[in-house]
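Chain by chain, the residues:
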Amino acid sequence: MKVLKFGGSSVASSENINKVITIVKESANSTNVAVVVSALGGVTDLLLEAGNLACKSNELYKNRLKTIEERHLQVVRELIPVNNQSSVLGSIKKKLNKLESTLEGVFLINELSHKTSDKIVSFGELLSSFIVAEAMKYSNLDVILKNSQELIVTNENFSNASVKFEKTSSNIKDFFSQNKHQVVVLPGFVALTEKGEVSTLGRGGSDYTAAIITSATNSSILEIWTDVSGMYTANPKFVRQAFPIKNISYQEAMELSHFGAKVLYPPTIQPVLEKEIPIVIKNTFNSKAEGTLITKVSSNKNPIKGISHIENMALITLEGSGMVGIPGFSKRLFESLSQQRINVSLITQASSEHSICIAIDTSDAEKATLVINTEFSYEIEQHKVEPLLVEKNNAIIALVGDNMKSHQGISGKMFSTLGKNNVNIRAIAQGASEKNISAVIAHKDIKKALNTLHSAFFEDQTKQLNLFVVGVGNVGSKLVQQIKNQQQYLLENLKIQVRVIALTNSKKMLFNEDGIDLENWNVPLENAENLNMDLFHAKVTELNYRNSIFVDNTANERISGLYANYLKESVAVVTCNKIACSSNYSNYLNLKSLAREYNAPFLFETNVGAGLPIIDTLKNLIASGDKVTKIQSVLSGSLNFIFNNFNENNSFHEVVQKAGIEGYTEPDPRIDLSGVDVMRKILILARESGTKLELDAIENDSFLPQSSLEAVSLADFMETLNVEATHFNKIYQNASMNNCRLKYVAEFDNGKAKVGLKEITSDHPFYNLEGSDNIVLFFTERYSQQPLIIKGAGAGADVTASGLFADIIRIGNN
């Protein structure tokens, strides 16, 4: 014989019940079948709500009752042939009338005991099993309905009753030994006490019912049919890469069930475990899927079988010097909780005996606080014990597997993986058997922790990067294009999955939790919600993705002021915006410090030289123990382009306009022509070389005439370039007469920096610098005679975007 149990989702509608009947028919072709069913999906909650409302004298309980009635009557009308409906509907209404009478009684006396609550919720399974059995009769199945309450006997611990196994097993054996029908349908969850009063086996007890029947009848297998294809390596609602576990042991299944794998009710396994009867978890809505087979010993060689979690936990700490060496504190603590029926999910105690830490459901926190503080009131008054410390908004996360103790380093890998992703661990519990390793973390970190651990223990070490990109102008749009072009290559060759979760322009912001389609983002962005950087930050924080990266493609001062907020949330920052690193020195140091403290990279390679590895090279020199003595450089690709194209045939005004059109200058070219941009770059290099320096300490020998410097608007400024043409022509002519070329040079020497336009002779490395190229000469203690030279394209959207992309990939490789 087989036992098949169908959960609430499997019998939630007439369509689903028809799927159940098809599955039962297939099984009944080869053997007799016992079918245990839960209440229609959602009905148990409605029954509990109705009971609670009635207890509060709230007539809204009648609305819940009406909803329950309509659900069941609708299912009957859709399942049972019209000519046969009247008798079935009559039986349903008879049961609903009994339910109504019970609720009316609760309403009148304003009292709802566990005993009465059991009576109310039992109607869910009694109704569903009756409907399923009747539907099977009209599907050519030889079926009988048997009320489990006539078989399963319990004690009087209502709402979570314990089974009297000797009497129960005898009842089940007697019934099935005499049964001649092909299929027996039974309600799950429900039972009777020895006095004949209605009891229940606890929430999820339909699984338990099925397991009890399986054990008592020595059935060949217990099939639990639900809405997922087995027990997963993690909750697929949180971890998209989670997959069904093909085979696990009884012990592993119980551990996963305890830690929130809701496809199985934890006590279920015990009756079948003793007889080593296999259990299989199957999907009603994908009956051909393999599912999960649960046996005494698993054939799965991975020491980690799954990662599970429990939400909404409160961490409670009892501590004090008066506890040290005094027996009985633990006993008193757990007895006081037990008396209030408060379940403890995790326990940890310091070897010093100075403190005991437990995790309980948050809904029990206030009650636990009251009873524990009352129990230890004398010790608290004598200052031997501190008042109870209660921390809410926590969760428990657990690694589960039978063979973890035979594999070294699993705990270390778990905790280091969480630590690297800035998931703080509040408490740890691990038994000597090492069947599970549990940790208490902040509730907000659940998704990040699950995905991080799943990646570490189950996936092909692919690292997922989640980008939040601000600015899709020249540089930003090129970056998006480069990411799109390289996504497949990075995944296949570097095991890096790059997802763009958010994009903004100057007016709109677009989010997609699964990653924006980079083939088509322009139109969705234009139709997205209005840009609000506070809301943008709130969404990034709420998503709390592992390996989150804030990418700033702007030159906006306000955006640069947000970096600290992201770093504090362990979100990496990659930027081509120079404002932050060239702001006051204390802010620069603070950003670097936050990056270290929160393990969130702060990368700004493109601040100097676009995609050239200037800052990275400088960091490597310093890290290796070298010391920079002098820096000479041409750091403005914009100004280099301008002065390489400025001659007797092209006016200075025309060349500046051309540089803007081709994307070499900032939108406001005054930033480039004033020398401020170059000042920021040499300041950053000076700081990265270890020198404390402020922007206003840099000498700026401007080549602009006074009228240009004093121009109020951009239009006025551009006009001065025309008006002052003689000034600019004279600068060019002087250089030409001296056989020199004009280069805007930035220098750092002996702790001081300066920038200015210089005439460069033909024997200097700067002389042949073409187009928009940059060049940097690093003079160090090791490179004292011949400098270390870095030269190449230093401006342009493509190379700047490639520099940003390189920083993103650098984070992925670390």
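Our structure's up above, just so we're on the same page.
In this text, all values refer to a predicted model and were calculated from it rather than measured experimentally.

A. Here's a closer look at the overall build of the chain. Secondary structure assignment for the chain yields 29 helices and 30 strands. Computed over its C-alpha atoms, the radius of gyration of the chain comes to 36 Å, more than 25% above the 28 Å expected for a compact globule of 814 residues. Referenced to the eigenvectors of the C-alpha coordinate spread, the extents of the chain come out at roughly 115 × 70 × 55 Å. Sorting the 814 residues of the chain into buried and exposed places 53% on the buried side. The long-range fraction of contacts in the chain, counting pairs at least 24 apart against all pairs at least 6 apart in sequence, stands at 72%. Summed over its atoms, the accessible surface of the chain is roughly 35600 Å², and 46% of this surface lies on carbon and sulfur atoms. For the chain, the centre of its 80 positive side-chain charges and the centre of its 87 negative side-chain charges are spaced 6 Å apart.

B. Structural detail: the sheet that holds strand S18 (residues 463–470). The 7 strands are arranged S21-S20-S19-S18-S22-S23-S24 in an open sheet whose pairing can be described as mixed. Since the sheet does not close on itself, it has two edges, and those belong to strand S21 (529–530) and strand S24 (602–603), each with one partner. In the sheet, S18 pairs with strand S22 (residues 548–552) via 5 bridges, with the strands oriented parallel. Its bridge partner lying in S22, Val469 is registered against Val551.

C. The arrangement of the packing of aromatic side chains in detail. The tally for this structure, following the rule as stated, stands at 21 aromatic pairs. Ring plane angle 80° and centroid distance 6.1 Å describe the contact between Phe652 and Phe703, whose orientation is recorded as edge-to-face. Of this pair, Phe652 sits in helix H23 (residues 652–661) while Phe703 sits in the loop between strand S26 (699–701) and helix H26 (706–710), placing them 51 residues apart in sequence. Phe652 gets classed as buried once you look at its relative accessible area, which sits at 2%. Residue Phe703 is classed as buried on the basis of its relative accessible area, which comes to 5%.

D. Structural context of the nonpolar core. Counting 78 residues, the largest nonpolar core has Phe536, Phe550, Phe652, Leu673, Ile682 and Phe703 as the members making the most contacts within it. With 7 residues, helix H25 (residues 676–688) is the single largest residue contributor to this core.

E. Broad picture of the pairing of S18. The element S18 is extensively covered by neighbouring structure, given that 7 of its 8 residues are classed as buried. Two elements, S18 and strand S19 (residues 496–504), share 8 bridges in a ladder whose sense is parallel. Among the inter-strand pairings, Asn466 is bridged to a residue of S19, identified as Arg499. Read as a crossover between parallel neighbours, the route from S18 over helix H15 (residues 474–494) to S19 is right-handed.

F. Examining the environment of Gly202 more closely. Structurally, the position occupied by Gly202 is in the loop between strand S7 (198–200) and helix H7 (205–217). Separated by 367 residues in the primary sequence, Gly202 and Glu569 have C-alpha atoms spaced 41 Å apart. Aside from chain neighbours lying at most four places away, what touches Gly202 is Ser159, Asn160, Phe189 and Tyr265.

G. Highlighting the packing of helix H21 (residues 614–623) against H25. One can describe the packing of H21 onto H25 by two numbers: an axis separation of 10 Å at closest approach and a directional angle of 20°. In terms of axis orientation, H21 runs roughly parallel to H25. As H21 runs across H25, the sense of the crossing is right-handed. Residues Ile614, Ile615, Leu618, Lys619 and Ile622 of H21 touch H25, and the partners they reach there are Ile684, Leu685 and Glu688.

H. Quick look at the side chain of Asn505. Checked against the element boundaries, Asn505 lands in the loop between S19 and strand S20 (508–511). For Asn505, a relative accessible area of 16% translates into the label buried. At a separation of 2.8 Å, a polar atom in the side chain of Asn505 contacts the main-chain amide nitrogen of Lys507. One polar contact links Asn505 to Glu526, side chain to side chain, over a distance of 3.2 Å. In this view, Asn505 contacts Val472, Leu525, Glu526 and Leu531; residues no more than four positions away in its chain are not counted.

I. Layout of the pattern of salt bridges. In this structure the tally under the stated criterion is 31 salt bridges. Between Glu375 and Arg332 there is a salt bridge, with its nearest N and O atoms 2.9 Å apart. Highlighted residues: Glu375 in helix H11 (residues 365–375) and Arg332 in helix H10 (residues 329–339), separated in sequence by 43 residues. Since its relative accessible area comes to 33%, Glu375 is described here as partly exposed.

J. Expanded view of the sheet that holds strand S27 (residues 741–749). Across the sheet, 6 strands lie side by side as S26-S28-S27-S25-S29-S30; this open sheet has mixed pairing. Of all the strands in the sheet, just S26 and strand S30 (788–793) have a single pairing partner and so form its edges. Strand-to-strand twist in this sheet, taken as the mean axis angle between neighbours without regard to direction, amounts to 15°. Inspection of the sheet shows strand S29 (residues 773–780) paired to S30 by 6 bridges, in the antiparallel sense.

K. Looking closely at helix H3 (residues 61–79). With 19 residues, H3 ought to run about 27 Å at 1.5 Å a step, and its terminal C-alpha atoms sit 28 Å apart, in line with that. For H3, every residue scored as buried is listed here: Tyr61, Leu65, Ile68, His72, Leu73, Val75, Val76 and Leu79. Across the axial projection of H3, the buried residues extend over an arc of 155°, all falling on one side. Residues of H3 that are buried sit in contact with helix H1 (14–28), helix H2 (43–55), helix H4 (85–109) and helix H5 (114–137).

L. Structural view of the packing of H2 against H4. Across the interface, H2 lies against H4 with an axial gap of 7 Å and an inter-helix angle of 35°. Judged by the twist between their axes, the crossing of H2 over H4 is right-handed. Residue-level inspection shows Leu47, Ala50, Gly51, Ala54 and Cys55 of H2 in contact with H4, the latter providing Leu99, Leu103, Val106 and Phe107. Taken together, the residues of the contact of H2 with H4 sort by class into 8 nonpolar, 1 polar and no charged.

M. Just the pairing of strand S11 (residues 292–295), in detail. Bridge count for strand S9 (residues 247–249) against S11 is 3 bridges, and the pairing is parallel. Considered in S11, the bridge of Ser249 is made with Thr295. Where strand S10 (residues 279–283) and S11 come together, 3 bridges link them in antiparallel fashion. What sits directly across from Val280, in S11, is Leu293.

Rules used throughout
- Residues numbered from 1 in each chain as written.
- Predicted model: local features only at pLDDT ≥ 70, side-chain atom pairs only at ≥ 80, totals over all residues.
- Heavy atoms only, no water.
- Helix = DSSP H or I, 4+ residues; strand = E, 2+ residues; numbered from the N terminus.
- Rg over C-alpha atoms; globule rule 2.2 N^0.38 Å.
- Buried < 20%, exposed > 50% of the residue type's maximum accessible area, 1.4 Å probe, protein only.
- Contact = heavy atoms within 4.5 Å.
- Areas by Shrake-Rupley, 256 points an atom, 1.4 Å probe, with all protein chains shown as cover.
- Lys, Arg positive; Asp, Glu negative; His and termini not counted.
- Charge placed at Lys NZ, Arg CZ, Asp CG, Glu CD.
- Pairing = 2+ DSSP bridges.
- Phe/Tyr/Trp six-rings, centres within 6.5 Å; stacked < 30°, edge-to-face > 60°.
- Core = buried A, V, L, I, M, F, W, Y, C linked by side-chain atoms within 4.5 Å.
- Right-handed = clockwise from strand over helix to strand, strands pointing away.
- Axes fitted to C-alpha atoms, helices over the stretch in contact; angles between N-to-C directions.
- Parallel < 35°, antiparallel > 145°, perpendicular 65-115°, else oblique.
- Left-handed = near helix turned anticlockwise from the far one by under 90°.
- Polar contact = N/O pair within 3.5 Å; in protein donor to acceptor, adjacent residues only side chain to side chain.
- Salt bridge = Lys/Arg side-chain N within 4 Å of Asp/Glu carboxyl O.
- Expected span 1.5 Å × (residues − 1).
- Arc of directions from axis to C-beta.
- Nonpolar A, V, L, I, M, F, W, Y, C, P; charged D, E, K, R; others polar.

Any functional reading would require information beyond the geometric quantities listed.
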